[in-house]
Amino acid sequence: MNVLNFVNAFFSDGAHWHGYDGIPTRLAEHIQYSLIALAIAAAVALPVGLVTGHYGRGGNALAFIATAGRALPSFGLLVLMVILVGFGMVPVMVPLVVLAVPPILVTTYEALRSVDPSPVDAARGMGMHESRILFRVELPVALPLILSGLRSAAIQIVSTATIAAYIGIGGLGRYIIDGLYQRDYEKVVGGATLVAVLALATLGLFWGAARVAVSPGVRRGA
Amino acid sequence: MIRIDSVTKRYPDGTVAVDRLSLEIPDRSITVLVGPSGCGKTTTLRMINRMVEPSEGRILLDGTDIREQPVNTLRRSMGYVIQNAGLFQHRTILDNIATVPRLLGWNRQRARARAAELMERVGLDSSLAKRYPYQLSGGQQQRVGVARALAADPPVLLMDEPFSAVDPVVRKGLQEELLRIQDELGKTIVFVTHDIDEAIKLGTMVAVLRTGGRLAQYAPPAELLTAPADDFVEDFLGTDRGIRRLSFFASSALELTTTPIVAVDSTAEQIATRGAGEAPYLLVTDLDGRPLGWGEPGELTAGRIDPGRLLPYGRPFEHGRESLRAALDGAVLSPTGWAVGVDGTGRVVGVVSQQTIGEAIRSAHAEGGDAGATAGAEARVSG
């Protein structure tokens, strides 16, 4: 039996399509965890990245934080969090946010730094406030790169959110972990396939968002 | 009037960019700051809109210290044009130009209507309104930069090497466009360049700065060419300054002669009469009066002169509008040593010999002298 047969068997089994352990429930849970984690990470990393990028200061500190964040193993952090705060959503969110902050932070900072300085100079010279320069001059030009940072963060979150299942919470990780434990490889492969499809859908979503949000004057070449 | 009053800019590392500079910038005229790199010309310009704050001294705008109003109010009252135009690539051309009116709180419709008006004024086709900056050539982008600076009708325009990044042909067009716009609008323009020819062409007054941010000379361009203050200014002006100074004398002073001119269908008698004058050659024109070329009277066949066998007539000058420099250039370019004067439509109004041009130059210098150079600049003639 090959992988495709597993996939086929998993998805054609009607029992997998309803109930608390059905695909719709698990998918919804997974998406929910991912969205919350991405929102928290963005709320932390975007403002810091925008401000440091605008003023061009703090690049070294950011690089340090990013490296440190990337060096922390998600699974280890999960276990540590469970020891520290017990079971629940918090121990799941911490590793996901720590995973997502560095790519958002670093690309946002770099995106702002790579904006051509002459329109910024022109804007300042014509009497634009600094906040307006940041949001109306720099941000629209930096947007493709910022979105790419959010995209890699989102994809990493989607694939890593499976760890929630280790501490008894839902999400697509359930199929993988339960399947491994029960030696039900059909389930393992089915769960992994769902995670992969969700990651690809995320990719598509960001591609669409860039088409809508980025000005045609900036989009060429990007 | 902008008065720069003993201004010094010293950076924390001790570098002095501008050193006790004082300048009075007259209203409704173009004042050019020119000098080699490191002379502090851009720093000086940027101190006028407080992009750089002076370490010492002050700058007065109509008698009031520029620090007495909020910095963004000051900047919105001064148009600002920079070298690479600095357009907002995510905005259409129209919205780029509408930026300052929008900052001043105009509604979108009014700001866009004003922007459309400005596009026309700077010579941009209205079909470009919805384009993005990357779709425009360098010269067009720079026109947008000028339009954007003019959009809120500020009394002052600060221009920092605005035409340096475009090729010479486009640059010449932009310079002429700027002079035309200035004729119409009469702004107080401060213009920074490293190109002395551009300074002389555009400036009503030219401030030559030397490395270290010190003023070497502040004078109208004709005076600069006539009487450079020192070796530095003379060296910076480069060669040919005598010839270049001729740009400031109108060719209307030249007395043209119409004797050695014949039409292409002239009779033998006409050729003989006309050819008897001082000129060894006759200028042949077509039936409309436009020049065809020079020929020796003996070689011209009455009734049907062959234009292909005539000598070239060089570049004709527009009598009255162009300068003595253009007339001299025309005479030097023609193998006969005579220049052809034409009117605005290109029809010949007369011819003049190198010798007559030389006499006109001598008398212009005699009349002009040092004092007259100022008047010469005001009565600047193109070409």
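Residues numbered from 1 in each chain as written. Chains lettered and ligands numbered in written order. Predicted model: local features only at pLDDT ≥ 70, side-chain atom pairs only at ≥ 80, totals over all residues.

Enquirer: Just give me the short version of the overall build of chain A, but keep the residues and values in it.
Expert: Looking only at helices and strands, chain A has 10 helices and 0 strands in total. Taken from N to C terminus, the helices and strands of chain A fall in the order α-α-α-α-α-α-α-α-α-α. Overall, chain A is about 65 × 40 × 25 Å in size when its C-alpha atoms are taken along their principal axes. Considering chain A as a whole, with its 222 residues, one finds that 39% of them fall into the buried category. Of all intrachain contacts in chain A linking residues separated by at least 6 positions in sequence, the fraction that spans at least 24 positions is 74%. (Helix = DSSP H or I, 4+ residues; strand = E, 2+ residues; numbered from the N terminus. Buried ≥ 20, exposed ≤ 12 C-beta atoms within 10 Å, placed from the backbone. Contact = placed C-beta atoms within 7 Å.)

Enquirer: Describe the overall build of chain B, listing the residues and the values that go with them.
Expert: From N to C terminus, chain B includes 14 helices and 16 strands. Its C-alpha atoms give chain B principal-axis dimensions of about 80 × 50 × 30 Å. Counting every position in chain B, which comprises 383 residues, the buried fraction comes to 47%. Of all intrachain contacts in chain B linking residues separated by at least 6 positions in sequence, the fraction that spans at least 24 positions is 62%.

Enquirer: Explain the interface of chain A and chain B to me, and be specific about the residues and the numbers.
Expert: With 18 residues of chain A at the contact, the number on the chain B side is 20 residues. Broken down by secondary-structure element, the contributors of at least two residues to the side of chain A that touches chain B are α6 (117-125), α7 (130-160) and α10 (216-219) of chain A. If one sorts the elements of the side of chain A that touches chain B by residue count, α6 of chain A sits on top with 6 residues. When its residues are assigned to classes, the side of chain A that touches chain B shows 9 nonpolar, 6 polar and 3 charged. (Nonpolar A, V, L, I, M, F, W, Y, C, P; charged D, E, K, R; others polar.)

Enquirer: I'd like to hear about the sheet that holds strand β16 (residues 348-353) of chain B, residue by residue, with values.
Expert: Whether parallel or antiparallel, the strands of a sheet pair through hydrogen bonds between backbone atoms. Residue and element names in this part refer to chain B. Ordered in space as β14-β15-β16, the 3 strands form an open sheet in which the pairing is mixed. Edge strands, defined here as strands with exactly one partner in the open sheet, are β14 (317-318) and β16. Bridge count for strand β15 (residues 338-342) against β16 is 5 bridges, and the pairing is antiparallel. Residue pairing across strands places tryptophan 338 opposite serine 353, the latter belonging to β16. (Pairing = 2+ DSSP bridges.)

Enquirer: Tell me about the domain arrangement of chain B, residues and numbers included.
Expert: The assigned domain composition of chain B is domain 1 (2-240) and domain 2 (252-360). A C-alpha centroid distance of 43 Å is found between domain 1 of chain B and domain 2 of chain B. (Domains from an automatic or database assignment.)

Enquirer: Kindly report on the environment of proline 103 of chain A, identifying the contributing residues and their values.
Expert: Residue and element names in this part refer to chain A. Residue position: proline 103 is located in helix α5 (residues 90-113). What makes proline 103 buried here is the crowd of 23 C-beta atoms within 10 Å. Put simply, proline 103 and arginine 151 are 48 residues apart on the chain and 9.0 Å apart in space, counted from C-alpha to C-alpha. Residues within four places of proline 103 in sequence aside, it is in contact with Gly149, Ser152 and Ala153.

Enquirer: Give me the lowdown on the packing of α7 of chain A against helix α9 (residues 185-213) of chain A, citing residues and values where you can.
Expert: Residue and element names in this part refer to chain A. Two numbers describe how α7 lies on α9: the axes approach to 9 Å, and their chain directions differ by 165 degrees. Put simply, α7 runs roughly antiparallel to α9. The two elements α7 and α9 meet at a crossing, and its hand is right-handed. On the side of α7, the interface is formed by Leu143, Pro144, Leu147, Leu150, Arg151, Ala154, Ile155, Val158 and Ser159, while α9 contributes Val195, Leu198, Ala199, Thr202, Leu203, Phe206, Ala209, Ala210 and Ala213. (Axes fitted to C-alpha atoms, helices over the stretch in contact; angles between N-to-C directions. Parallel < 35°, antiparallel > 145°, perpendicular 65-115°, else oblique. Left-handed = near helix turned anticlockwise from the far one by under 90°.)

Enquirer: Before we move on, could you go through the packing of helix α2 (residues 23-55) of chain A against α7 of chain A and cite the residues and values that matter?
Expert: Residue and element names in this part refer to chain A. Following both chains from N to C, one finds α2 and α7 inclined at 145 degrees, their axes separated by 10 Å at the closest point. Judged by the sense of rotation from one axis to the other, the crossing of α2 with α7 is right-handed. Counted together, Ser34, Ala37, Leu38, Ala41, Ala42, Leu50 and His54 of α2 and Leu134, Glu138, Leu150, Ala153, Ala154, Ile157 and Val158 of α7 form the full contact between these two elements. Across the contact of α2 with α7, the residue classes tally to 11 nonpolar, 2 polar and 1 charged.

Enquirer: Describe helix α1 (residues 41-48) of chain B, and please don't skip the residues or the numbers.
Expert: All names here are of chain B. Among the 8 residues in α1, 8 count as buried, and that is most of the element. Taken together, the buried positions of α1 are occupied by Lys41, Thr42, Thr43, Thr44, Leu45, Arg46, Met47 and Ile48. Trailing α1 by a residue or two, arginine 50 shows a phi angle of about 60 degrees, which is positive.

Enquirer: So what about the environment of serine 334 of chain B? Which residues, and what values?
Expert: Relative to the helices and strands, serine 334 of chain B resides in the loop between α13 (324-333) and β15. Leaving out residues up to four positions away in the same chain, serine 334 of chain B has contacts with Trp294, Pro312, Tyr313, Gly314 and Ala339 of chain B.

Enquirer: Give me the lowdown on unusual backbone geometry, citing residues and values where you can.
Expert: Residue and element names in this part refer to chain B. Unlike most non-glycine residues, serine 6 shows phi in positive territory, near 50 degrees. The residue serine 6 is located in strand β1 (residues 2-10) in this model. In this structure serine 6 comes out as exposed when scored by C-beta crowding, with 12 C-beta atoms within 10 Å. Even without being glycine, glutamate 161 reaches a positive phi, approximately 45 degrees. Along the chain, glutamate 161 turns up in the loop between β7 (156-160) and α7 (168-185). Given 19 C-beta atoms within a 10 Å radius, glutamate 161 is considered partly exposed.

Enquirer: Give me the lowdown on the sheet that holds strand β4 (residues 56-61) of chain B, citing residues and values where you can.
Expert: Residues and elements named next belong to chain B. Read from one edge of the open sheet, 4 strands run β2-β1-β4-β5, paired in antiparallel fashion. Pairing within the sheet leaves two strands with one partner each, and these edge strands are β2 (16-25) and β5 (64-65). Direction of pairing for β1 relative to β2: antiparallel, over a ladder of 6 bridges. Note on β2: the bridge partner recorded for valine 7 is leucine 21.

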